[in-house]
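Residues per chain are reported as follows:
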Amino acid sequence: MDQLLDQIRSCNICEKELPLGPRPVVQASAKSELLIIGQAPGSRVHKSGITWDDPSGDRLREWLRVDKETFYDANKIAIVPMGFCYPGKGHSGDNPPRPECAPTWHDLLLNEMPSIQLTLLIGQYAQRYYLKEVRSLAGHKTLTERVKNADKAPSHLFPLPHPSPRNQIWLKKNPWFEEETLPLLRNKLAMLKI
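We now turn to the structure provided with this report. (Residues numbered from 1 in each chain as written. Predicted model: local features only at pLDDT ≥ 70, side-chain atom pairs only at ≥ 80, totals over all residues. Heavy atoms only, no water.)

## Observations concerning the overall build of the protein
What counts, and what does not: Think of it this way: any DSSP run of H or I at least four residues long counts as a helix, any run of E at least two long counts as a strand, and we number them from the N terminus. All radius of gyration figures rest on C-alpha atoms, and the globule criterion is 2.2 Å times the number of residues raised to 0.38. For every residue, the accessible area (1.4 Å probe, protein chains only) is compared with the maximum for its type, and the residue is labelled buried under 20%, exposed over 50%, or partly exposed between those bounds. Any two residues whose heavy atoms approach within 4.5 Å at even a single point are treated as in contact.
Within the protein, the regular secondary structure consists of nine helices and six strands. By the compact-globule yardstick of 16 Å for 194 residues, the protein fits well, its C-alpha radius of gyration being 16 Å. Dimensions along the principal axes, computed over C-alpha positions, put the protein at roughly 40 × 40 × 35 Å. Here the protein holds 194 residues, and 49% of them are scored as buried. Residue pairs at least 24 apart in sequence account for 71% of intrachain contacts in the protein once pairs closer than 6 positions are excluded.

Rendered as structure tokens:
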């Protein structure tokens, strides 16, 4: 695992496409039981090199009801974004994650993490990649539909919206998320040793 993480952290496959250059951010251990797959680091995370080191991370930890010490314990929680480096600014937020990362690195990482019990799929990119062949969610094309039907996903996968402050309007429009989905998630987390 250490050698693989070193390879990922020195990756420069899409260097020419990255406005701030490569700085892959990842957290993983063979002992991790919870896997969080998000989008890509923001500019603040690019600077710090620490996953979810921003207001989105604060909200995510609140959703999970875990403190920073637990969250940043790789032996408990693995954090593997769809794109490992900051992709730059787009018209309405950051650009999508670079498409090279997940096909290059995810299977290699997942093979090194046999203890994963639950995977959180945060945002549309992770959900499209990992739920594309899940029949129980086949008719649910939007992020909102997938999250609302999280109970129909395979028991080891759990779709979530991005916890970004930019999603405040989505959270207000969908009160069922805090009333129904978060309690379901927390019940699943209670079964893990984190």
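## So, the pattern of salt bridges
Operational definition: Whenever Lys or Arg places a side-chain nitrogen within 4 Å of a carboxyl oxygen from Asp or Glu, that contact is recorded as a salt bridge.
Applying the stated criterion across every chain, the model contains three salt bridges. For D58, the salt bridge is made with R61, and the minimal N-O distance between the two is 2.8 Å. Of this pair, D58 and R61 both sit in helix α3 (residues 55–64), separated by three residues, roughly a single helical turn. Note on D58: relative accessible area 43%, which makes it partly exposed. Taking the shortest distance from any N to any O, the salt bridge between R98 and E100 comes out at 2.8 Å.

## A few points about the sheet that holds strand β6 (residues 157–160)
What counts, and what does not: A pair of strands counts as paired when DSSP detects no fewer than two bridges linking them. Throughout, an axis means a line fitted to C-alpha atoms (over the contacting stretch in the case of helices), and angles, computed between N-to-C directions, take values from 0 to 180 degrees.
Strand order in the open sheet formed by four strands is β2-β1-β5-β6, and the pairing between neighbours is parallel. Either end of the sheet is taken by a strand with one partner, and the two such strands are β2 (77–79) and β6. With strand direction ignored, the average angle separating the axes of adjacent strands in the sheet is 20°. For strand β1 (residues 34–37) and β2, the ladder comprises three bridges, and the chain directions are parallel. Within β2, the position partnered with L35 by the bridge is A78. Those strands touched by helix α6 (residues 124–131) are β1, β5 (118–122) and β6, and its axis lies near 125° from that of β5.

## Digging into helix α5 (residues 101–111)
Basically, it comes down to this: Of all possible arcs, the one meant is that of the directions from the helix axis to the C-beta atoms.
Among all positions of α5, only C101, A102, W105, H106 and L109 are buried. Burial along α5 is one-sided: seen end-on, the buried residues are contained in an arc of 110°. Those residues of α5 that are exposed and angled more than 90 degrees off the buried face are P103, D107 and N111. Looking at the buried positions of α5, the neighbouring elements they touch are α1 (2–9), β1 and α6.

## A word on the packing of aromatic side chains
Heads up, the condition is: Aromatic rings from Phe, Tyr and Trp, with only the six-membered ring used for Trp, were paired whenever their centres fell within 6.5 Å, and each pair was classed as stacked if the ring planes differed by under 30 degrees, edge-to-face if by over 60, and tilted otherwise.
Here the structure, examined in full by the defined rule, presents five aromatic pairs. Relative to F177, the ring of W63 lies with its centre 4.9 Å away and its plane at 65°, an arrangement referred to as edge-to-face. Taken together, the positions of W63 in helix α3 and F177 in helix α9 (residues 176–190) put the pair 114 residues apart, joining distant regions of the chain. There is no split in this pair, since W63 and F177 are both buried. Geometrically, the ring pair formed by W170 and F177 is edge-to-face, given 5.7 Å between the ring centres and 70° between the ring planes.

## So, the pairing of β6
Every second residue of β6 is oriented toward a common face, with L157 and P159 on one face and F158 and L160 on the other, all of them buried. Of the strand pairs in this sheet, β5 and β6 are connected by four bridges, and their pairing is parallel. Each residue of the ladder has a partner; that of T119, found in β6, is L157.

## A few points about the packing of α1 against α5
Quick note on the threshold: Convention used here: angles under 35 degrees read as roughly parallel, angles over 145 as roughly antiparallel, angles from 65 to 115 as roughly perpendicular, and any remaining angle as oblique. Left-handed describes a crossing whose near helix is turned anticlockwise from the far helix through less than a right angle; right-handed describes the clockwise counterpart.
Taken N-terminus to C-terminus, the directions of α1 and α5 make an angle of 165°; their axes are 11 Å apart at the nearest point. On the basis of the axis angle, α1 is roughly antiparallel to α5. Crossing hand, α1 versus α5: left-handed. On α5, the residues touching L4, L5, Q7 and I8 of α1 are W105, L108 and L109.

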